[in-house]
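Residue strings, one per chain:
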Amino acid sequence: MTNLNVIEATRFYINRMIEDAGQSVKGLVMDKETASIVSMVYAQSEILQKEVFLFERIDVAGQKSLKHLTAICFLRPTEDNIQALVRELQEPKYGSYFIYFTNFVELNDIKSIAEADEYECVRVIQEFYADYVAINPHLYSLNIPITYENNFLWNDQLLRRTAQGLVSLLLSLRKKSATIRYQQSSNMAKILAERLSNTLRRQLDFASSNVNAPDHTVVLIVDRREDAITPLLNQWTYQAMVHELIGIKNNRVNLSQVPGITKELEEVVMNAEYDEFYADNLYSNFGEIATNIKRLMEHFQEKHKSQSKIESITDMKSFVESYPQFKKLSGTVSKHVTIVGELSRLVGIYNLLDLSETEQNLVCQSNHSEIVQKIKQLIQNDKIRDEDIVRLICLYALRYEHHGNNETNALLRETLKCRQLSEKYIQFIQAILNYGGRKFRQADLFNTQNSMAITRQFIRGLKGVDNVYAQHIPLIRDLLEQLLRGKLKDNLYPSVGSKDRIQSNNYYTTSQQTQFQQGQPIKYRSSLFIIPSEIIVYVVGGITYEESYHIHMMNKQGARIVLGGSYIHNFASFVDEVLAGGVPSTSNEFFAVKRR
Amino acid sequence: MSSRNLTSNFLEFRNRASQNRTNHADNSKWDDRNPLLNDDEDDDVVHFERNDAFLWMEFHRKIQSQFGEIRNQIKKLQQLQAKCLTRQVFDEDAHSDSEIRLITKDITSMLDNCQMSVQKFSSFAKKSQANSYEQQLVSNAAQATFNTFQDLALKFNQCQSNYVRKLQSQKDKLDQVTSHIAIDMYASPFGDNEFDQISLLSEVQQQSASPVDEYTTWREKELRDTYESIQEVNTIFMNISTMISNQKASIDQIECVICDSINSVEQGNKELVKAVQRQQRSLKIKLILFGIGIFILLFVLFISYI
């Protein structure tokens, strides 16, 4: 079985759309979201080769007629799009229309489109389930920057969009059955899981996965609040670092803030499908990137030198043959050199090495007094940014939440003495405990809650670490490793409908086996360590590139996991997400400090 | 592939809707009160646009068919070359050699024609079209044809150079082998001593007879090489010209944009000058009015005192 690849799945649909439209000159009509979906998997030059010469938005009104063109409409089935389509068909611009929706569309809407199609321009209406943004082969996102609403409830529209996105993901990966497991402690995850299961069963007669089948898929829905640490850490792998320090949106990086940047490098595209250097170095850490970039530069200089020596005719021929590749290579080299230069400049001026070491030690080791001293030192250091101090304080608050000498307030007081923290950050610090504190989590985030974990941590500490900046392992990795071994506890992560299902489609741990044996007849395999062959993960509240890196590593060792979330967070977007969940209005010392 | 085809439902709905429409059709349009001809100006404009649009599409279709032909010829060439490379070493097949040369000439001339049409298409794209959509459409189409043409030319070059390289390596191997055989041929099978004289004589004879033949073969080889190298130079210059014309397009665009911005900056300058003058004038008028007002006030005060 080939590996799960969401980019291939989306490209397949788009290729099919373009082929079906025939040999004529085509124009692609999209809406705002599908434009991002298409641009992430297809480069413009490639799509031009397939005779798609015009790219339009359905909500932007066009004027004149293009009757000699065929329109391929790739739209999400929202109210606005249907209205816009109806308006378009009443005065059609194009000669013929091939309409593809990214998700289920009601028969009523088809009826309204049919009634509007007086000139009979529409040839085909199909549903092609590409309703998510594919970033890497194992990584997808739904581009929803803020999922939470006040008091951590679902917004109806966002819930519908999320369920639609997940359904389309399952269908595009050609899954016919799946078990849906969700995080028990999160209400939002539970609601989403039930909604998803209902939609699948209703629309498609989706069977719940037969556990004995060889290709058993598990859909795991967890909540970001379970692991609030990962978005707070500074990163050192290429993709994650660029996103954290500069910001990647839809594979585009805005470099206009870089001093001395040339006009053509102000906005660059970083796409692993089309950029070999990037694809090789997505997950390599900062040191490795430096070596690789040096090698790339040397390679480029060699080529350049050989290009300049043109004496014989064979030389001229080889020059002409290799010139287009050379031009592409020079573009790639300048882009990556600029980006890496900017990253190292930022690392230097913000003292990120020192800071990151402190962060990692704070999260993974337990020298309380030492860490407090270090944090106080860093607060006094002018080079460190305000947001990094906020990171440290939040990490400290989460880590030592129930510690005897909790110094969060003291640290905050010191910070406010030397720095002017913006209102947003102060609210964020207040909100983070409400968001991801011990009250909400069910997982053992710092390996302090049971003896097994403590011993594991101790042994890890004794062994020492080979990379002090990569000590932290995100919770999702532990969860997935447990799931792969068949050891993910059912009471913490139940599957949908497990209470009233009687057949063998459920998965029980050995401890619960006896409970149910008395009640209902059960068929299960003799070995209860059933391992899912494929896992599809969705994190409500967003994911990070660090988690994507760990999943990539797991996939390299033979797992088949696809990771996704509502958004790919860096620190800035995470702050907005947490604040949207609601700031606790309890009066406490923080307010007292402010009033001073 | 997971998808769902809703076309049948759609067609059903559409037929039903069209039936409903004809049943409830409003016949007022066909009343005798309406004039025969409509004074609609738009029709002319639409008519004009359509010609233009079809023109570039014709162009595009012709170029695509040319590309298709070139691709077929390149495939044939590759097959012939593969056949030549795998044939027996001593089997000098002049026929397939000449065929290869013929096809290469064909492809070169077709690429030449293609290049002219692609350039014509690009210049047509630069002319301003009826609206921005057409403009973008045609420029995208021109860009795509240009890229395809470059790829084809590159492919042809690579094909040729691979063939020459493989042929060269084969010849080198052959030379090594024949040089060994040459030594063996001249070594006598009965030992060196007795037949040395005879073998020496025959060698001398061979050497004296060879200069003339050698000279002619060498000259022929040189001529052939020169001919081929001139052909290669031709294709190289053609490729360089396409690359440069590619850059020319962007440079032209830059020039255009700069001219536009010069115009708008000059206009903006004029407007600013006018605004400044107006402001100054209004300031002057305000001062004068203020002065008059104060004068009148003083006058009134003066009179009231008196």
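Keep in mind that what you see is a predicted model, and the values were worked out from it rather than measured. (Residues numbered from 1 in each chain as written. Chains lettered and ligands numbered in written order. Predicted model: local features only at pLDDT ≥ 70, side-chain atom pairs only at ≥ 80, totals over all residues. Heavy atoms only, no water.)

Focus: the UniProt feature "transmembrane region" (unreviewed entry) in chain B
Link 1 in the chain: According to UniProt, the positions carrying the feature "transmembrane region" (unreviewed entry) are residues 287–305 of chain B.
Link 2 in the chain: With 100% helix and 0% strand, residues 287–305 of chain B has its two end C-alpha atoms placed 27 Å apart. (UniProt positions renumbered as here; feature names shortened; annotations may be inferred. Helix = DSSP H or I, 4+ residues; strand = E, 2+ residues; numbered from the N terminus.)

A short note on the sheet that holds strand E11 (residues 248–249) of chain A
The strands that make up a sheet pair up through hydrogen bonds in the backbone, lying either parallel or antiparallel.
Link 1 in the chain: Overall, antiparallel pairing links the three strands, which are arranged E11-E12-E13 (chain A) in an open sheet. One side of each edge strand has no neighbouring strand; the edge strands of this open sheet are E11 and strand E13 (267–269) of chain A. (Pairing = 2+ DSSP bridges.)

With respect to unusual backbone geometry
All names here are of chain A.
Link 1 in the chain: For Arg 174, which is not glycine, the phi torsion reads 60° and is therefore positive.
Link 2 in the chain: Looking at where Arg 174 falls in the secondary structure, it is placed in the loop between helix H6 (156–172) and strand E8 (177–182).
Link 3 in the chain: When its relative accessible area of 46% is taken as the criterion, Arg 174 is described as partly exposed.
Link 4 in the chain: Although it is not a glycine, Asn 351 adopts a positive phi angle of roughly 55°.
Link 5 in the chain: Looking at the element boundaries, Asn 351 is found in the loop between helix H11 (313–349) and helix H12 (352–364). (Buried < 20%, exposed > 50% of the residue type's maximum accessible area, 1.4 Å probe, protein only.)

Remarks on the sheet that holds strand E3 (residues 66–75) of chain A
Link 1 in the chain: Spatial strand order, E2(A)-E1(A)-E3(A)-E4(A)-E5(A)-E1(B): six strands in an open sheet with mixed pairing. Two strands lie at the open edges of the sheet, namely strand E2 (52–57) of chain A together with strand E1 (3–5) of chain B, each paired on one side alone. Averaged over all adjacent pairs, the angle separating strand axes in this sheet is 25°, with direction ignored.
Link 2 in the chain: With three bridges joining them, strand E5 (residues 122–128) of chain A and E1 of chain B adopt antiparallel strand pairing. Looking at the pairing, Gln 126 of chain A lines up with Asn 5 of chain B of E1 of chain B.
Link 3 in the chain: Sitting on the sheet, helix H1 (residues 7–23) of chain B touches E5 of chain A together with E1 of chain B, and the angle it makes with E5 of chain A is about 140°. (Axes fitted to C-alpha atoms, helices over the stretch in contact; angles between N-to-C directions. Contact = heavy atoms within 4.5 Å.)

Examining the packing of aromatic side chains
Residues and elements named next belong to chain A.
Link 1 in the chain: On inspection of all chains with the given rule, the structure shows 20 aromatic pairs over all chains.
Link 2 in the chain: Judged by centre distance (6.0 Å) and plane angle (50°), the rings of Trp 236 and Phe 286 are tilted. Remark: Phe 286 occurs in helix H10 (residues 286–308) and Trp 236 occurs in the loop between strand E10 (217–223) and helix H8 (238–245); sequence separation between them is 50 residues.
Link 3 in the chain: Among the residues examined, Trp 236 registers a relative accessible area of 9% and is labelled buried.
Link 4 in the chain: Here a set of aromatic residues connected by ring pairs shows up, and it is made of Tyr 148, Phe 152, Phe 428, Tyr 435, Phe 571 and Phe 574.
Link 5 in the chain: Its end group placed over the ring of Tyr 435, Arg 225 keeps NZ or CZ at 5.9 Å from the ring centre.
Link 6 in the chain: The side chain of Arg 399 reaches across the aromatic face of Tyr 400, ending 5.0 Å from its centre. (Phe/Tyr/Trp six-rings, centres within 6.5 Å; stacked < 30°, edge-to-face > 60°. Lys NZ or Arg CZ within 6 Å of the ring centre and 35° of its normal.)

Some thoughts on the domain arrangement of chain A
Residue and element names in this part refer to chain A.
Link 1 in the chain: Domain parsing of chain A yields domain 1 (6–130), domain 2 (135–227 + 532–581), domain 3 (238–350) and domain 4 (368–445).
Link 2 in the chain: Here the C-alpha centroids of domain 2 and domain 3 sit 34 Å apart.
Link 3 in the chain: Residue-level contacts link 15 residues of domain 2 with 13 residues of domain 3.
Link 4 in the chain: Summed over both partners, the interface of domain 2 with domain 3 comes to about 1,000 Å²; 51% of that surface belongs to carbon and sulfur atoms.
Link 5 in the chain: Our count for the contact surface shared by domain 2 and domain 3 stands at zero salt bridges.
Link 6 in the chain: Summed over the shared surface of domain 2 and domain 3, the number is five residue pairs in polar contact (both at pLDDT 80 or more).
Link 7 in the chain: The set of elements that each furnish at least two residues to the side of domain 2 that touches domain 3 consists of strand E6 (133–136) and helix H20 (545–556).
Link 8 in the chain: Here the side of domain 2 that touches domain 3 gets five residues from one element, more than from any other, and that element is H20.
Link 9 in the chain: For the side of domain 2 that touches domain 3, the per-class residue count stands at seven nonpolar, seven polar and one charged. (Domains from an automatic or database assignment. Buried area = accessible area lost by both parts, 1.4 Å probe. Salt bridge = Lys/Arg side-chain N within 4 Å of Asp/Glu carboxyl O. Polar contact = N/O pair within 3.5 Å; in protein donor to acceptor, adjacent residues only side chain to side chain. Nonpolar A, V, L, I, M, F, W, Y, C, P; charged D, E, K, R; others polar.)

Considerations on the side chain of Ser 36 of chain A
Residues and elements named next belong to chain A.
Link 1 in the chain: Relative to the elements of secondary structure, Ser 36 occurs in helix H2 (residues 32–41).
Link 2 in the chain: Ser 36 gets classed as buried once you look at its relative accessible area, which sits at 12%.
Link 3 in the chain: Sequence-distant contacts of Ser 36, that is, excluding residues within four places in its chain, are made with Asn 143 and Asn 250.

Overview of the environment of Ile 70 of chain B
Residues and elements named next belong to chain B.
Link 1 in the chain: You can see Ile 70 is positioned in helix H2 (residues 42–86).
Link 2 in the chain: For Ile 70, a relative accessible area of 1% translates into the label buried.
Link 3 in the chain: Residues Ile 70 and Phe 156, spaced 86 residues apart in sequence, show a C-alpha to C-alpha distance of 9.4 Å.
Link 4 in the chain: In this structure Ile 70 touches Ile 107, Met 110, Leu 111, Cys 114 and Leu 152, once residues within four positions along its chain are discounted.

What about the environment of Phe 156 of chain B?
Residues and elements named next belong to chain B.
Link 1 in the chain: Positionally, Phe 156 belongs in helix H4 (residues 132–186).
Link 2 in the chain: Given a relative accessible area of 1%, Phe 156 falls into the buried group.
Link 3 in the chain: In the structure, Phe 156 is positioned 82 residues away from Ile 74 in sequence and 6.8 Å away in space, judged by C-alpha atoms.
Link 4 in the chain: Not counting the four nearest positions on each side in its chain, Phe 156 is found in contact with Ile 74, Leu 77, Thr 104, Ile 107, Thr 108 and Leu 111.

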